[in-house]
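Structural features, examined
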Amino acid sequence: MSVTHSLDTATSRANPLPSPMKRLTVPKVQKMKGGEPIVMLTAYTARMAQLLDPHCDVLLVGDSLGQVIYGLPSTVPVTLEMMCAHGAAVVRGSYHAVVAIDMPFGSYEASPAQAFESASRILKETGAAAVKLEGGEAMAETVAFLTKRGIPVIGHVGLTPQAVNALGGYGARGKSDAEAKKILADAKAVAEAGCFLLVLEGVMEEIAIEATKAVACPTIGIGASAECDGQVLVTEDMLGLFERTPRFVKKYDDMAGRIEAAAQAFAGEVRKRAFPTADQTYRKA
Ligand code: KIV
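Structure report, in brief. Here the structure is a predicted model, which is why all the values come from computation and not from measurement. (Residues numbered from 1 in each chain as written. Predicted model: local features only at pLDDT ≥ 70, side-chain atom pairs only at ≥ 80, totals over all residues. Heavy atoms only, no water.)

The ligand sits among Thr42, Leu60, Gly62, Asp63, Ser64, Asp102, Lys132, His156, Ile222 and Val234. Within the side chain of Asp63, one N or O atom sits 3.0 Å away from an oxygen atom of the ligand. At 3.1 Å from an oxygen atom of the ligand is found a side-chain nitrogen or oxygen belonging to Asp102. In the complex, 95% of the free accessible area of the ligand, which totals 260 Å², lies under the protein chains. (Near = heavy atom within 4 Å. Polar contact = N/O pair within 3.5 Å; in protein donor to acceptor, adjacent residues only side chain to side chain. Areas by Shrake-Rupley, 256 points an atom, 1.4 Å probe, with all protein chains shown as cover.)

Okay, structure coming up:
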C-alpha cells in the first residue's frame, strides 16, 4: 500500500491518504503475545515516521539517534531534550503505531522519582504512549513505580548499549552459564514489575527462547531469536545506510549507495550547467 500526504494548512498536519487505521494502544500490543509477530522499527523524524507507520505496530524513538542522527560515539551523551524533540516529530508523523521513546542515560537510574519526572516530561512534551528503559533486576522497582502511576514501560535487557562502558563493548551477551542466568533473571524481574513489552538485545538464542516462554509480556528480539514475539531493527541499519552493521542486521536496501549515486548525478549536472533546466526555472509567461 502506498501512502501519500496532503497538507492541512489550518493545522499544518500532513494527513495520510488513504486514511489510516485507528492508532494501536498499549493494551492491544500487549495482547499480541504468542500471536502475529509484533513489528517495531526505530524512527527519529516526522517524514520517516510517515513512511514506516502503516507497516509497524510500534515506532521506537531509540536513543540510537545519538549515533545515527548526531554522529555521537555512543548513546551515553544523548539528552532528554533530544529525545523530546525527536519524539514529538515522530508522534506528529504517525497515526497508527504506538510511539515509544527511549529514556536517555542518566535520566532514570538514580531513583524511581527521577524516572517518573523524566518519563512524565517525555509523555507530556511528545504525546507518545510509552517509554523504554534499559536494565534488569536493578530497574524492577522503577518499572513498577512508573507502571503503577500510569506510564507504560518497555524493558530492555541483554546487551544494553547505555552500559557500554561497563560491558566493554557491544558483543553478544549470555555466553557463560552465569551470564545467561543473570539475563533470564533480569527479564523476569522487569516483566513481573509490569513492563508491557520486553526488548531482548544481542543474546544467545537459547536465552531469548527461554525468556519468551518465561515472561507474560511479549518479547521483541534484536539479535535474539525469530521465536521472540516480535522484532525490532534500527531503520537506518536495515535500509543499508551504514557500511558496517552488527551481524544481526539484515539490509533490505542499499540507501547509502543510492544516496551517493544521486549526489554524484546532481554534482555532475550542476558542474555541466545541465541543472536546472527550463522545467525547474521560473520564467514570465
Ligand atoms: O535505541 C534503539 O534504537 C534501541 C533499539 C535498537 C532496541 O534501543
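All right, on to the pattern of salt bridges then. Pairing between side chains of opposite charge can happen when the charged atoms of each approach one another. Under the defined criterion, the tally for this structure stands at eight salt bridges. Across the salt bridge formed by Glu81 and Arg121, the nearest N and O atoms sit 3.1 Å from each other. Here Glu81, found in helix H4 (residues 80-92), pairs with Arg121, found in helix H5 (residues 112-126); they are 40 residues apart in sequence, far enough to count as distant. With a relative accessible area of 47%, Glu81 lands in the partly exposed category. Connected through shared salt-bridge partners, Glu81, Arg121 and Glu125 make up one network. (Salt bridge = Lys/Arg side-chain N within 4 Å of Asp/Glu carboxyl O. Helix = DSSP H or I, 4+ residues; strand = E, 2+ residues; numbered from the N terminus. Buried < 20%, exposed > 50% of the residue type's maximum accessible area, 1.4 Å probe, protein only.)

Moving on, we come to the packing of H4 against H5. One way to put it is that H4 packs onto H5 with a least axis distance of 8 Å and a crossing angle of 35 degrees. In terms of crossing hand, the pair formed by H4 and H5 is right-handed. Within the contact between the two elements, H4 uses Leu80, Glu81, Met83, Cys84, Gly87, Ala88 and Val91 and H5 uses Ser118, Arg121, Ile122, Glu125 and Thr126. For the contact of H4 with H5, a count of residues per class yields six nonpolar, three polar and three charged. (Axes fitted to C-alpha atoms, helices over the stretch in contact; angles between N-to-C directions. Left-handed = near helix turned anticlockwise from the far one by under 90°. Contact = heavy atoms within 4.5 Å. Nonpolar A, V, L, I, M, F, W, Y, C, P; charged D, E, K, R; others polar.)

A few words on helix H6 (residues 140-148). For H6, every residue scored as buried is listed here: Ala140, Thr142, Val143, Ala144 and Leu146. On the buried face of H6, the contacting elements are H5, strand S7 (153-158) and helix H8 (177-192). Gly150, located one to two residues past H6, shows a positive phi value of around 85 degrees.

What follows deals with the environment of Val143. Inspection of the secondary structure puts Val143 in helix H6. Expressed as a C-alpha distance, the spacing of Val143 and Cys195, which sit 52 residues apart in the sequence, is 6.6 Å. Residues contacting Val143, with those up to four places away along its chain left out, are Leu133, Val153, Val190, Ala193, Gly194 and Cys195.

For any pair of aromatic rings, the description rests on two quantities: the centre-to-centre distance and the angle between the ring planes. Under the definition given, this model contains one aromatic pair. Geometry around Phe145 places Arg149 over its ring, the cationic atom sitting 3.6 Å from the centre. (Phe/Tyr/Trp six-rings, centres within 6.5 Å; stacked < 30°, edge-to-face > 60°. Lys NZ or Arg CZ within 6 Å of the ring centre and 35° of its normal.)

What follows deals with helix H9 (residues 205-214). Taken as a whole, H9 has its buried residues at Ile207, Ala208, Ile209, Ala211 and Thr212. At its buried positions, H9 is contacted by H8, strand S8 (197-201) and strand S9 (219-222).

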